[in-house]
Amino acid sequence: MVRFKNRYVLCEVVSEDPRCRQCIEDRAVGLAVRDAIGRVHGDYGLACCSISFTVKYLNAYTGTVLLRCRKDSYRLLCSALPFVRQLESRNQRYPCSLNTLHVGGTIRTCQKFLIQYNRRQLLMLLQNCTNEEERRCIQKSVLSCFLTEEQSQSGDEEDDDGTETD
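A quick note: this is a predicted structure, and the numbers were derived from the prediction, not measured.

Reading the values: the criteria
Residues numbered from 1 in each chain as written. Predicted model: local features only at pLDDT ≥ 70, side-chain atom pairs only at ≥ 80, totals over all residues. Heavy atoms only, no water. Pairing = 2+ DSSP bridges. Helix = DSSP H or I, 4+ residues; strand = E, 2+ residues; numbered from the N terminus. Axes fitted to C-alpha atoms, helices over the stretch in contact; angles between N-to-C directions. Contact = heavy atoms within 4.5 Å. Expected span 1.5 Å × (residues − 1). Bend = angle between axes of the 7 residues up to and from the residue. Buried < 20%, exposed > 50% of the residue type's maximum accessible area, 1.4 Å probe, protein only.

What follows deals with the sheet that holds strand β3 (residues 64-70). The sheet built from four strands is open, its strands ordered β2-β3-β1-β6 with antiparallel pairing. Bordering the open sheet on either side are β2 (54-59) and β6 (97-104), each of which pairs with just one other strand. Strand-to-strand twist across the sheet, computed as the mean angle between neighbouring axes with direction ignored, equals 25 degrees. Two elements, β2 and β3, share five bridges in a ladder whose sense is antiparallel. When the bridges of β3 are listed, Asn59 appears paired with Thr64. Each of β2, β3 and β6 is contacted by helix α2 (residues 26-49), which is oriented at about 130 degrees to β2, the strand it contacts most.

Structure, rendered in structure tokens:
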């Protein structure tokens, strides 16, 4: 039996309207991405990408989206993501775009990248703080990010036996 290799594309929903992120659903993201692939690459691209294309994870509060597709067609998917201009949810259209953050072979590598990315974003916010209350709040967030990674690394040592589970 042959294992099909997948690629996971970690994206960020960029929108000027903060309500857009809270109202999106994984189905709306999947339809918008499929529509963009169809417009950019036609029927061939749509058929290649839709074989195992799924929205694996969506966090509406942070605007983080994790997409899965076959390894052979991830370039078609990545090249069509900038053409997503709006998401339709609950009969309303929200103008937004998808920014590709990372392409990985497993969900775990995407999670590790996301932790590093969020830590860098928090440190940039810390440098731009104006008052002491904001600074304390962001420092607390940064410390919680460090503690979470240390706990997950100690758990990885016990779990990591070289096999990949999905």
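Moving on from the coordinates now.
Moving on, we get to α2. A rise of 1.5 Å per residue sets the reference length of α2, with its 24 residues, at 34 Å; its end C-alpha atoms lie only 17 Å apart and thus fall more than 12% short of the reference. In α2, a bend of some 135 degrees at His41 exceeds every other bend along the element. Buried within α2 are the following residues: Ala28, Val29, Gly30, Ala32, Val33, Ala36, Ile37, Gly45 and Cys49. Elements in contact with the buried residues of α2: β2, β3, α3 (74-80), β4 (86-89) and β6.

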